[in-house]
Amino acid sequence: MFPGQGSQYVNMGKNLYDSEPLFKEVVDHCAEILKPYLGEDLRHFLYPQSEDVEKAELSLKETRITQPAIFTLEYA
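Residues numbered from 1 in each chain as written. Predicted model: local features only at pLDDT ≥ 70, side-chain atom pairs only at ≥ 80, totals over all residues. Heavy atoms only, no water.

## Looking at the environment of Ala56
Along the chain, Ala56 falls in helix 4 (residues 53-59). In this structure Ala56 comes out as buried when scored by relative accessible area, which is 2%. Between the alpha carbons of Ala56 and Arg43 there is a distance of 9.7 Å; along the sequence they are 13 residues apart. (Helix = DSSP H or I, 4+ residues; strand = E, 2+ residues; numbered from the N terminus. Buried < 20%, exposed > 50% of the residue type's maximum accessible area, 1.4 Å probe, protein only.)

## Comments concerning the pattern of salt bridges
Under the counting rule described, the total for this entry stands at nine salt bridges. For the salt bridge of Glu62 with Arg64, the shortest nitrogen-to-oxygen distance reads 3.4 Å. What you see here is one network of salt bridges that share partners, running through Lys24, Asp28, Glu32, Lys35, Asp41 and Arg43. (Salt bridge = Lys/Arg side-chain N within 4 Å of Asp/Glu carboxyl O.)

## Side note on the packing of aromatic side chains
In this structure the tally under the stated criterion is two aromatic pairs. Consider the rings of Phe71 and Tyr75, whose centres lie 5.5 Å apart with planes at 15°: the pair is stacked. With Phe71 and Tyr75 both in helix 5 (residues 63-75) and four residues apart, this pair spans about one turn of that helix. The ring of Tyr47 carries the charged tip of Lys14 above its face, separated from the ring centre by 5.4 Å. (Phe/Tyr/Trp six-rings, centres within 6.5 Å; stacked < 30°, edge-to-face > 60°. Lys NZ or Arg CZ within 6 Å of the ring centre and 35° of its normal.)

That is the geometry; function is a separate question.
Here's what the structure looks like:
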């Protein structure tokens, strides 16, 4: 339930994000809070457009993105 760093991947939690309104609301809220700290929208790394998947995969390996991504999904 609470995986450590290294368990993150592009589109993790996407089914929940698309089908569960409360989960989506919490992810969106966390992403908005994190924008000024990350300089980007966390959702762009979690749920990238098809042309941005490779960039998102690389970014999700960076601790500065990994830790907020894992926390956000665990919290949601």
